[in-house]
Every structure is written in structure tokens, then in C-alpha cells.
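So the chains spell out like this:
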Amino acid sequence: MATLSRLRVAAATAAASLTRLRLAPITRRSYGSAAQLQYDYDDDYNYDESSSEMEDSLGSVSGRGVQWVVMGDPFTNRQMYAEKLAQLLKVPHISMGTLVRQELNPRSSIYKQIADAVNQGKLVPEEVIFGLLSKRLEEGFYRGETGFILDGIPRTRTQAEVLDQLADIDLVLNFKSTEACLQKKLAHYQDIHSVHRSMNKPLEDYYKKQQKLLNFNVAGAPGETWQGLLAALHLQHMNALSSSQKLSV
């Protein structure tokens with residue numbers, strides 16, 4: 001993870017970058033009010049794995065924990081798998097939606113700024129979003145955290161570029177629904193899926209160019225999906241070690 005001084009400098013630089021970019025339409029499109037309050041809208045949907053290819057070996061840097069981003073289609077149970085991976089790899093799961101919801105109380109210094117945006121159906125300013133993320137990473141630094149699995153940000157290429165100023169991302173795990181799974185859902189869900197994928201394309205291209213993108217197809221039951229995910233990430237040995245340690249306790 002970035003050093004404390006780098007986090008502070010990067011946070012200031014990111015804020016300045018967002019201010020400069022505010023006039024461009026792309027900088028104001030990522031966080032709607034509904035998305036803020038119902039961020040993890042795929043919690044109740046269970047899918048399975050299908051074949052997945054890793055473009056490179058497991059992304060990490062010696063001497064610290066992994067610094068991964070999870071993203072992907074709705075209805076893939078992405079948050080659940082992110083939490084399980086975080087537990088396995090002994091790094092925190094940082095949910096952007098959770099960070100925002102924690103500030104929706106009157107005692108928060110930015111409560112009014114967030115609440116006004118939500119109540120008016122406007123976008124929560126990206127300066128607020130990245131301010132919360134920078135604060136969380138700094139707090140983690142003081143607690144001795146050396147890695148993370150980040151969920152819910154970035155949502156756009158612009159956000160990805162700003163995130164690169166805050167942290168060195170090793171791997172971006174992109175959960176994808178298969179067509180067979182989509183056929184089991186209502187047409188409404190298929191429409192959401194189509195729009196979501198078209199919006200995600202620039203972000204996927206950004207990380208693919210950096211050779212950090214791993215697409216993982218989700219197709220069935222959670223248990224099989226988890227095993228397939230471990231195989232795709234080359235983590236079967238860690239899961240086996242974790243299981244054996246629990247049995248010996």
C-alpha cells in the first residue's frame with residue numbers, strides 16, 4: 001500500500017485532478033443517489049463458475065498484501081466473493097457503498113453534502129468519494145494494513161486514473177454473468193445487464209491495457225463458483241491450508 005506521505009500527496013493531487021476534470025461530462029456520471037443507498041444490489045443471486053483464463057500470474061508484490069479491485073455484472077454475488085477472498089488473503093474488504101452509508105448520519109462532517117445529493121437525486125461529488133477512500137486507506141496504514149480488496153470503485157475510466165494516484169493496483173477481478181444465467185432472469189434484468197456492460201467497457205479496456213484484468217464467468221451455485229474462483233486465482237493451496245487450520249483448532 002502507498003506510504004502515508006504518498007497517500008496525502010495523492011489525495012491532494014486527486015482532488016485537484018477532479019476539480020480540473022469537473023467540466024468534462026464523464027467526471028459526474030459514476031455515483032447516482034440510488035446506487036449510493038442500494039450499492040450492493042446483487043446480494044441474493046447465486047451463480048456458478050465457468051471457464052476463466054488468467055492473463056498473468058497472481059497479482060501481488062512481495063512484502064505486502066494484495067491490492068485488488070473487484071468489479072463486474074449485477075447479480076453475480078460479487079460482494080460475497082470479495083469478502084471471502086479478503087478473509088482468505090487476510091486483507092480488508094473495502095466497500096465504497098459501506099463507506100458512503102457510514103457518513104449518512106448527522107454527526108458526520110459531510111452528512112449534509114451527501115444527504116443533499118441523495119435527496120435531490122443528484123450525484124454524490126467524486127471529491128467526496130475519493131476523500132472517503134483516501135481517509136480509509138490512511139486509517140488502514142496506521143492500523144498496519146498492507147493490502148485490500150476494493151469493491152464499488154472505480155466505476156469509470158476517470159475514476160480508475162484517479163485511483164492509480166492513490167494505490168498500486170495489482171489485479172482487477174471482473175465478475176461476468178454467462179448468457180445461460182441471464183436467460184434464467186427476467187427481461188428487465190437482461191436490460192440492466194446490457195446497459196451495465198456497455199458502461200463498463202471503457203473501464204475494462206483501461207485495465208486490460210495495463211494487463212491487470214481477469215474476467216471470471218459466473219454460472220451456477222456458490223460453492224462451485226468459489227472453487228472455480230480459487231482455481232482461476234491459483235489460491236487452492238491457501239484455501240486448503242486455511243481449512244486445515246480451522247479443523248486443527
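Per chain, residue numbering runs from 1 following the sequence as it is written. Local features in a predicted model are, by the rule used here, given only for residues with pLDDT of at least 70; side-chain atom pairs are given and counted only at 80 or more, and totals for whole chains, interfaces and linings are based on all residues. The side-chain numbers reported here are obtained from all heavy atoms of the structure, hydrogens and water having been left aside.

J.: Just checking my understanding: could you explain the overall build of the chain for this structure?
T.: In this text, helices come from DSSP runs of H or I with a minimum length of four residues, and strands from runs of E with a minimum of two, each type numbered from the N-terminal end. Helix and strand counts for the chain stand at 11 helices and five strands. Only heavy atoms enter the contact rule, under which two residues are in contact if any of them lie within 4.5 Å. Taking contacts inside the chain between residues at least 6 apart in sequence as the whole, the part at least 24 apart equals 83%. Method for areas: the Shrake-Rupley scheme with a 1.4 Å probe, in which residue coverage is limited to the protein chains shown. Carbon and sulfur atoms form 53% of the exposed surface of the chain, whose accessible area is close to 12,300 Å².

J.: Where do I start with the pattern of salt bridges in this structure?
T.: Between side chains of opposite charge, a pair can form as their charged atoms come close. The salt bridge criterion pairs a side-chain nitrogen of Lys or Arg with a carboxyl oxygen of Asp or Glu, the two atoms within 4 Å. For the structure shown, the criterion picks out eight salt bridges. A salt bridge links Glu204 to Lys176, with the shortest nitrogen-to-oxygen separation between them at 3.1 Å. Taken together, the residues Glu204 in helix H9 (residues 187-209) and Lys176 in strand E4 (residues 171-177) connect sequence positions 28 residues apart. Three labels apply to residues, based on accessible area from a 1.4 Å probe with only protein chains included: buried if under 20% of the type maximum, exposed if over 50%, partly exposed otherwise in between. By relative accessible area, which is 10% here, Glu204 ends up buried. Looking at Lys176, the relative accessible area reads 13%, which means it is buried. Notably, a salt bridge pairs Lys201 with Asp205, separated by 3.0 Å at the nearest N-O pair. Of the two residues, Lys201 and Asp205 are both situated in helix H9; the distance of four residues between them amounts to about one turn of the helix. Overall, the relative accessible area of 36% leaves Asp205 in the partly exposed class. Within this structure, Arg136, Arg143 and Glu145 form a network of salt bridges that share partners.

J.: Explanation requested: the packing of aromatic side chains in the structure shown.
T.: One pair of aromatic rings is described through two measures. These are the centre distance and the angle between the planes. Only Phe, Tyr and Trp rings take part, Trp by its six-membered ring, and two of them pair if their centres are within 6.5 Å. Stacked means planes under 30 degrees apart, edge-to-face means over 60, and tilted covers everything else. Under the definition given, this model contains four aromatic pairs. A centroid spacing of 5.9 Å and a plane angle of 15° characterise the contact between Tyr81 and Phe175, whose relative ring orientation is stacked. Linking Tyr81 in helix H3 (residues 78-89) with Phe175 in strand E4, this pair joins segments that are 94 residues apart in sequence. You can call Phe175 buried: its relative accessible area is 0%. Here Phe175 and Phe216 contribute two aromatic rings whose centre-to-centre distance is 6.0 Å and whose plane-to-plane angle is 80°, an arrangement assigned as edge-to-face. Pair noted here: Phe175 is in strand E4 and Phe216 is in strand E5 (residues 213-218), with a separation of 41 residues, a long-range link. An aromatic cluster of at least three residues, connected via ring pairs, comprises Tyr81, Phe175 and Phe216.

J.: Help me out: how do you make sense of the packing of H3 against helix H10 (residues 222-232) in this one?
T.: When two helices pack together, their arrangement is given by the angle between their axes and by how far apart the axes lie. Axes here refer to lines fitted to C-alpha atoms; in helices the fit is confined to the stretch in contact. Angles between the N-to-C directions go from 0 to 180 degrees. It is at 11 Å that the axes of H3 and H10 come closest, and there the two elements cross at 50°. Between H3 and H10, the angle is such that the two are oblique. Every pair of crossing elements has a handedness; the one defined by H3 and H10 is right-handed. Touching Met80, Tyr81, Lys84, Leu85 and Leu88 of H3 are Pro222, Thr225, Trp226, Leu229 and Leu230, all from H10. The residue makeup of the contact of H3 with H10, split by class, is eight nonpolar, one polar and one charged. For classification purposes, an angle smaller than 35 degrees is called roughly parallel, one larger than 145 roughly antiparallel, one from 65 to 115 roughly perpendicular, and anything else oblique. For any helix crossing, the convention is left-handed if the near helix is rotated counterclockwise from the far helix by under a right angle, and right-handed if that rotation is clockwise. Three classes are used: nonpolar for Ala, Val, Leu, Ile, Met, Phe, Trp, Tyr, Cys and Pro, charged for Asp, Glu, Lys and Arg, and polar for all others, with Gly counted as polar.

J.: In this structure, what is going on with the confidence of the model for the chain? I would like to understand it.
T.: Parts of the model with low pLDDT should not have their predicted coordinates read in detail. Mean pLDDT over the chain works out to 76, with 65% of the residues at or above the 70 mark. Along the chain, pLDDT gives the predictor's confidence residue by residue, from 0 to 100. Predicted confidence is poor over residues 19-57, with pLDDT under 50, and the contacts of this stretch with residues over four places away or in other chains come to 121 contacts.

J.: Can you help me understand the sheet that holds E4 in this one?
T.: The pairing of strands in a sheet comes from backbone hydrogen bonds and takes either a parallel or an antiparallel form. DSSP calls a pair of strands paired once it identifies at least 2 bridges connecting them. Strands sit in the order E2-E3-E1-E4-E5 across an open sheet of five strands; the sheet is parallel. A single partner strand is all that each edge strand has here, and the edge strands are strand E2 (93-95) and E5. Put simply, the sheet's adjacent strands are angled 25° from each other on average, direction ignored. Where E4 meets E5, six bridges bridge the pair, whose relative direction is parallel.

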